[in-house]
Amino acid sequence: MRQHGAVLLVLSVAIRAQDFPPPLPEMASHKFLFVVGPHHAGTTLMSVLVSQNSEASGLINTSVPQAEGQHLQNVYPQAYNLGGMTGYAFNPESHITEQSPLCTPNNAVRLFRAWSPFWNLSKRVLVEKTPNHMLMTRFLQRMFSPERTRFLVTIRHPLGATHFKWKLPKMLPEFQETCGERYVKHWLQQMDILKEDLPYLRSVTMVMFEYFVPGGRHQGNYERLMKAVGLPAEMDLSIDKTKTRLSLEEMQRKFLLRQEQQINAEEMDERKKLGRKMRRLKKQQELIQAALDQAVQWNQQNPSSQKDPREIVPDSFPRRKILGLHTNGEGVHEHTRHLTLHDEGWMNWVSSWEERIPNFTTAPQCLELFQKYEKRVNYYGYSLIHPERVNIPAVFAPYIVIPHADEMDHGS
């Protein structure tokens, strides 16, 4: 059915209520929004947009990578133990459904109690972002009950989403030899499992990453997104166009120089790398301990006004830039009202592809890739031969809330 100009289909599953464990009393007053999708496909951006709402709370001050819930629990295995960001979907253990022996009332309680210390439980909607939870939607729906669970799924071109990996110099020989075949295969595995699971899910909203910002549709798309997930649109988005694109020749020259520098850097002794990592971890531990000591001192001096140690986050924590929003790597401060998006990089990965495999559209190894996978990739709305073309895939159309049907450019 169509709601507020957005395309949204809610599918119900005929599952008896008694099949689901009763919620904890503190769970009953919340809705749970899980942000999922392939890594580097926009899950962080979507999580920021929804968790900054006055009615929602994301996981904050977690001290774990990207504030992902998978790192805060011990109910199910984490992605890095199942093949990593570009391999976990090949591992059958990654696909967890309501049929899993892990689906127990006790584990539901364990998950909520693992995450609840990092949520603001005064908020109506509790947001959790872990990309690989895309293969665990049915499991999470049962754990938190269909009536209170919604999924926000973001997808992106297979080579756009994995650009962070295949652009690395150490990955160059394999990428040039296969034109990125293993990344495409992994992405297709993710999409196939998502398609299989969708009919079992009661409430799903999907976003195609490429349509969110380009064409000046960012504010309207954001407002439709918030309506689809049941939250008010409170944030103003703007576009930073101050960055200029390099010419292909300049990009190639800089790439070759950077490649030489990085190859030399990779020859560093592994023990030196480990030493740097251990020093960073020690520094972070010192910062966390300082925050705890500060909280203890505060509570001793102010017995009538106790402060949670998690509220004290040292300013010197490492910071990660997410588009125009800066965070401390542990979540974002609540109720940001303005976000600046940088739109120059949404499709720059295509130039990066050309740098690594000149004339990739006619290169033999890429032609072989196209022959094997183009039709399957087309089925999900993307193209390997024409990477700039993005279409709403029929298989996901009922769930896609962005872009608006009469504003989209289907490509040609």
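Conventions used here
- The residue count restarts for each chain, going from 1 along the sequence in the order it is written.
- Per-residue local features of the predicted model are confined to residues with pLDDT of at least 70, and side-chain atom pairs are confined, for both listing and counting, to 80 or more; whole-chain, interface and lining totals are unaffected and use all residues.
- Side-chain metrics rest on all non-hydrogen atoms present in the structure, leaving aside hydrogens and water.
- Each helix is a run of DSSP H or I of at least 4 residues and each strand a run of E of at least 2, with the numbering of both proceeding from the N terminus.
- Three labels apply to residues, based on accessible area from a 1.4 Å probe with only protein chains included: buried if under 20% of the type maximum, exposed if over 50%, partly exposed otherwise in between.
- What makes two residues a contact is simply this: any of their non-hydrogen atoms within 4.5 Å.
- Using the Shrake-Rupley algorithm and a 1.4 Å probe, accessible areas are obtained, with residue cover drawn only from the displayed protein chains.
- When two cysteine sulfur atoms are found within 2.5 Å, that pair is recorded as a disulfide.
- In this description, a nonpolar core means a group of buried Ala, Val, Leu, Ile, Met, Phe, Trp, Tyr and Cys residues linked to one another through side-chain atoms lying within 4.5 Å.
- Criterion for a salt bridge: a side-chain nitrogen of Lys or Arg within 4 Å of a carboxyl oxygen of Asp or Glu.

J.: With reference to specific residues and values, describe the overall build of the protein.
T.: The helix and strand inventory of the protein stands at twelve helices and twelve strands. Per-residue burial for the protein yields a buried fraction of 49% across its 412 residues. A fraction of 76% describes how many contacts in the protein between residues 6 or more apart in sequence connect residues 24 or more apart. Accessible area of the protein: about 19700 Å², with a carbon and sulfur share of 52%.

J.: Talk me through the state of the cysteines; I want residue IDs and the actual numbers.
T.: Summed over the entire model, instances satisfying the criterion amount to one disulfide. Shown here is the disulfide that connects Cys 179 with Cys 366, its sulfur atoms set 2.0 Å apart. Measuring the twist about the S-S bond at about 90°, one finds the Cys 179-Cys 366 disulfide to be right-handed. Here the residue Cys 179 occupies a position in the loop between helix 6 (172–178) and helix 7 (181–197), and Cys 366 occupies one in helix 12 (residues 364–379), the gap between them amounting to 187 residues. Here Cys 366 falls in the buried class, since its relative accessible area comes to 0%.

J.: Account for the nonpolar core, naming residues and giving values.
T.: One finds Trp 115, Phe 139, Phe 144 and Trp 353 to be the most contacted residues of the largest nonpolar core, which totals 69 residues. Elements represented by at least two residues in this core include exactly strand 3 (31–36), helix 2 (105–115), helix 3 (137–144), strand 6 (149–155), helix 7, strand 7 (204–208), helix 11 (349–356) and helix 12. Here the element with the most residues in this core is helix 7; it accounts for seven residues. The contacts of Phe 144, once residues within four sequence positions are left out, are Met 27, Phe 32, Phe 34, Leu 111, Phe 112, Trp 115 and Thr 149.

J.: Tell me about unusual backbone geometry, residues and numbers included.
T.: Here the phi dihedral of Ser 63 falls at roughly 65°; this positive angle occurs in a residue that is not glycine. Positionally, Ser 63 belongs in the loop between strand 4 (56–57) and helix 2. A positive phi angle is found at Ala 67, which is not glycine, with a value near 55°. One can find Ala 67 in the loop between strand 4 and helix 2. Ala 67 sits in the buried class, given a relative accessible area of 8%.

J.: An account of the pattern of salt bridges is requested, with residue identities and associated values reported.
T.: Using the criterion set out here, one finds ten salt bridges in the structure. Arg 202 serves as the salt-bridge partner of Glu 147, at 3.4 Å between the closest nitrogen and oxygen. Taken together, the residues span a long stretch of sequence, with Glu 147 in the loop between helix 3 and strand 6 and Arg 202 in the loop between helix 7 and strand 7 at a distance of 55 residues. Assessed through its relative accessible area of 48%, Glu 147 is described here as partly exposed. The shortest N-O distance in the salt bridge between Glu 181 and Lys 372 comes to 3.1 Å. Here Glu 181, found in helix 7, pairs with Lys 372, found in helix 12; they are 191 residues apart in sequence, far enough to count as distant. Through salt bridges with shared partners, a single ionic network connects Glu 98, Arg 138 and Asp 197.

Read these as spatial facts, not as claims about activity.
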